[in-house]
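# Fold and geometry: a report
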Amino acid sequence: MLPRQVVKWILVFLVISPSLFPVSVSEVDSSYWSAKKRHMKKKVHDMFYHAYENYLTHAFPHDELKPLSKSFTDSLSELGNLKLEHLPQHYNGSALTLIESLSSLVIMGNNTEFERAVLWLSENLSFDVDARINLFECNIRVLGGLVSAHILATDSANRLVQGSYKNQLLTLAEDLGRRFLPAFDTPTGLPYAWINLKYGVMENETNETSTSGCGSLILEMGALSRLTGDPIYESAALRALRRLWSMRSSLNLLGTTLDVTTGEWIEYSSGIGAGVDSFYEYLFKAHILFGKEDFWRMFHSAYLAVQKYFRHGPWYHEADMRNGKATYWQLTSLQAFWPGLQVLVGDIAAANSSHREFVHVWKKFGVLPERYLLDHLMLHPTEKYYPLRPELAESTFYLYQATKDPWYLEVGESIVNSLNSYTKVDGGFASIRDVTTMQLEDHQHSFFLAETCKYLYLLFDDSFLVDRNYVFTTEGHPLPVLSSWHDRLPEAYIPSNWTFLPSEKQARRASAMTLQVCPAMSLDCGHGCQQVKSACHIPDARSDHRCFGDEECGVDATTCRRRTCSMAGYCGLWLFI
Ligand code: DMJ
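An unreviewed UniProt entry lists the protein chain under the name alpha-1,2-Mannosidase, with Citrus clementina given as the organism. For the record of the protein chain, the UniProt heading Cofactor (unreviewed entry) holds the text "Ca(2+)".

Put into structure tokens, the structure is as follows:
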């Protein structure tokens, strides 16, 4: 115990110290936040290594860790394979989690471990395996992981792998890319969702695939073409993307699933979540990475259609691509990436308002449930899980980059705390099976290392991004924006009626990541006041979000009956009327 007199003098000192050492409120503030960032960065660093080391101990070189049983799963062939059909007999994994961890290791500054992992993969990885895999998943996780790591390994400013690296990751990526090509051999050029890595498309393979499955290949396959000089990968992905775009409705909307042989839609309803999400993301990011005008045009029309037909205040429901009428009123965990994309676009106002709602739902349950019924404000009866998904952390990172508002650091902190208190176990991080009971599931998904930990780390320490310009793939793997990959620089694509911001400083205020690909308009609000608004921002038509007609009300999530609009302007199942 300190003597009372000493305590008294400490207190007096604390009270008078500001006048002895004049420190401004903002300096105190900034040192508080700097200390907070350092502390949180360390926490995220520890989370990543807890996940990574347990994977290495209990699961490597298999695909993913089972953290409860401290064992492994060879899950590459299970990804997207909900019925677990055609599982391979002799597949022993492709070190999926190691591949997915490569770029995170670099971002966290662990070049030694990165080098060790690269050399192991160079010597041991083979794709000549009799395994039927999902093209989309294998593309974003494996091809994307390898291509990004190859670029990081050979970065001229910062060669991470010394001497013995002879582009083996690129050779592996090219081998994998070649194995993807038979999937594109369809009458439409739209790829099959599934391909056997050794034998190509299997007999009686399903023709059904998703919009993301056809439209989210261009970053990885395009980068592979640029790196190898062989245009075949980019051409295949581009042909599929163009064909998909040609299938849009007159409202510029797309459905969720389609037939690759006929090019007909199967599911006409779609939103911004599962089955469609990364299609939008890749149109825009392809524009940044390759600078093609076409990508911007497609993205811009698609973005405006989403904001017009799917948005309801801060929420996004689903709608029928043919008539724009609302279908399902559901929030899904995957949709939480959208505010991050809006930051890149420059639509910060819309990004901020929907991000806040996702945060409310996170806080309500402690994590984000997979599906939440917006029309009942309740959980989906079966999809109550949280598989350690990254999307909310991702959007939080982008919003902090754009605004530097410390509130986003607090959001990040509460995400980290939830993950540590609900999902951390002795053997790694476990998914949550049911957010109402916090019962765990024996699975640590590879995207936890590729994305969740990476975005949280970058939120608290973005030094990796200083003086570098990267686009993150949908799986969080960084690809550099290089002028040599650009047909033309993005500025050339900005319509002439959009005014540029007077200075780069102001542009940064709107989007620090890209310097405003969708430009900001400087609006004169009188008396010398200038308001900065994104040219992509469409103000919400109605502030009270009431309905005008039944067609706006969609289908009830639990009974599947159509809802109607009441006289007072509320959507519901007015059974008593
Ligand atoms: C990741 O594999 C990618 O982010 C993908 O685009 C969507 N799903 C998971 C993470 O939730």
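## Some points on the pattern of salt bridges
Evaluation of the coordinates by the stated rule reveals 23 salt bridges. One salt bridge connects glutamate 113 with arginine 116, and the closest N-O pair in it is separated by 2.9 Å. You can see glutamate 113 and its partner arginine 116 sitting in helix H4 (residues 111-124), 3 residues apart, about one turn around the helix. By relative accessible area, glutamate 113 is classed as buried at 13%. Given a relative accessible area of 53%, arginine 116 falls into the exposed group.

## Brief notes about the UniProt feature "binding site: Ca(2+)" (unreviewed entry) in the protein chain
Residues annotated in UniProt with the feature "binding site: Ca(2+)" (unreviewed entry) correspond here to Thr474. Assignment of secondary structure puts threonine 474 in the loop between strand S19 (470-472) and strand S20 (478-480). Among residues more than four places away in sequence, those in contact with threonine 474 are Ile140, Ser278, Glu281, Tyr282 and Glu451. A distance of 2.9 Å separates a polar atom in the side chain of threonine 474 from a polar atom in the side chain of glutamate 281.

## Quick notes on the side chain of glutamate 234
Relative to the assigned elements, glutamate 234 resides in helix H9 (residues 232-246). Contacts of glutamate 234, omitting those with residues within four sequence positions, involve Ile218, Met221, Gly222, Ser225, Arg226 and Lys292.

## Observations concerning the site of the ligand
Around the ligand, the neighbouring residues are Ile140, Arg141, Leu334, Arg389, Pro390, Glu391, Phe447, Glu451, Thr474 and Glu475. One of the side-chain nitrogen or oxygen atoms of glutamate 451 is found 2.8 Å away from an oxygen atom of the ligand. In the environment of the ligand, an oxygen atom lies 2.7 Å from a nitrogen or oxygen atom belonging to the side chain of threonine 474. Contact with the protein chains hides 92% of the accessible area of the ligand, taken as 290 Å² for the molecule alone. Of all the secondary-structure elements, those providing two or more residues to the shell around the ligand are helix H5 (135-154) and helix H16 (447-460).

## With respect to the packing of H9 against helix H11 (residues 293-309)
One can describe the packing of H9 onto H11 by two numbers: an axis separation of 12 Å at closest approach and a directional angle of 35°. Pair H9 / H11 crosses with left-handed handedness. On the side of H9, the interface is formed by Leu238, Leu241, Arg242 and Trp245, while H11 contributes Asp294, Phe295, Met298, Ser301 and Ala302. A per-class count over the contact of H9 with H11 returns 6 nonpolar, 1 polar and 2 charged.

## Structural notes on the sheet that holds strand S6 (residues 257-259)
Backbone hydrogen bonds are what pair the strands of a sheet, in a parallel or an antiparallel way. Here 3 strands make up an open sheet; going across it, the order is S5-S6-S7 and the pairing antiparallel. Both outer strands of the open sheet, strand S5 (208-210) and strand S7 (265-267), are each paired with one neighbouring strand and no more. Averaged over all adjacent pairs, the angle separating strand axes in this sheet is 35°, with direction ignored. In this structure, S5 lies alongside S6, joined through 3 bridges in antiparallel fashion. Counted as the bridge partner of glutamate 208 is aspartate 259 from S6.

## Focus on the sheet that holds strand S12 (residues 330-332)
The sheet built from 3 strands is open, its strands ordered S12-S13-S14 with antiparallel pairing. Across the chains shown, the open sheet's two edge strands, defined by having one partner strand only, are S12 and strand S14 (378-379). As paired elements, S12 and strand S13 (residues 371-373) share 3 bridges and run antiparallel to each other. Looking at S13, one finds that threonine 332 is bridged to arginine 371. Helix-sheet contacts for helix H13 (residues 348-365) involve S12, S13 and S14, and the interaxial angle to S12 is about 80°.

## Considerations on the packing of H4 against helix H6 (residues 168-180)
Contact geometry of H4 with H6 gives a least axis separation of 9 Å together with a crossing angle of 50°. In terms of orientation, H4 and H6 fall into the oblique class. Considering the relative orientation of H4 and H6, their crossing is left-handed. Each of Val118, Leu121 and Ser122 in H4 lies in contact with H6, whose residues at this interface are Gln168, Leu169 and Leu172. Broken down by class, the residue content of the contact of H4 with H6 amounts to 4 nonpolar, 2 polar and no charged.

Calculation notes
- Residue positions are counted from 1 within each chain, in the order its sequence is given.
- With the structure being a predicted model, the display of local features is reserved for residues of pLDDT at least 70 and the display and counting of side-chain atom pairs for 80 or more, all residues being used for whole-chain, interface and lining totals.
- Where side-chain values are given, they derive from all heavy atoms of the structure, hydrogens and water being excluded.
- UniProt positions are given in the numbering used here, feature names are shortened, and annotations may be inferred rather than shown by experiment.
- Here, a salt bridge means any side-chain nitrogen of Lys or Arg that lies within 4 Å of a carboxyl oxygen of Asp or Glu.
- Put simply, DSSP H or I for four residues or longer makes a helix, DSSP E for two residues or longer makes a strand, and each gets a number counted from the N terminus.
- Burial classes: relative accessible area under 20% of the type maximum marks a residue as buried, over 50% as exposed, and values in between as partly exposed (1.4 Å probe, protein chains only).
- Throughout, a contact is declared for two residues whenever any of their heavy atoms are within 4.5 Å.
- Under the rule applied, a polar contact is a pair of N or O atoms within 3.5 Å (in protein, one hydrogen donor and one hydrogen acceptor; residues adjacent in sequence only if both atoms are side-chain atoms).
- Being near a molecule or strand, for a residue, means having at least one of its heavy atoms within 4 Å of it.
- Using the Shrake-Rupley algorithm and a 1.4 Å probe, accessible areas are obtained, with residue cover drawn only from the displayed protein chains.
- Helix axes are fitted to C-alpha atoms over the stretch in contact, other axes to C-alpha atoms as well, and angles between N-to-C directions run from 0 to 180 degrees.
- Note on convention: the crossing is left-handed when the near helix lies turned anticlockwise from the far helix by less than a right angle, right-handed when the turn is clockwise.
- Under the scheme applied, nonpolar residues are Ala, Val, Leu, Ile, Met, Phe, Trp, Tyr, Cys and Pro; charged residues are Asp, Glu, Lys and Arg; polar residues are all the others, including Gly.
- Only when DSSP finds a minimum of two bridges between them are two strands counted as paired.
- Roughly parallel here means an angle under 35 degrees, roughly antiparallel means over 145, roughly perpendicular means 65 to 115, and every remaining angle is called oblique.

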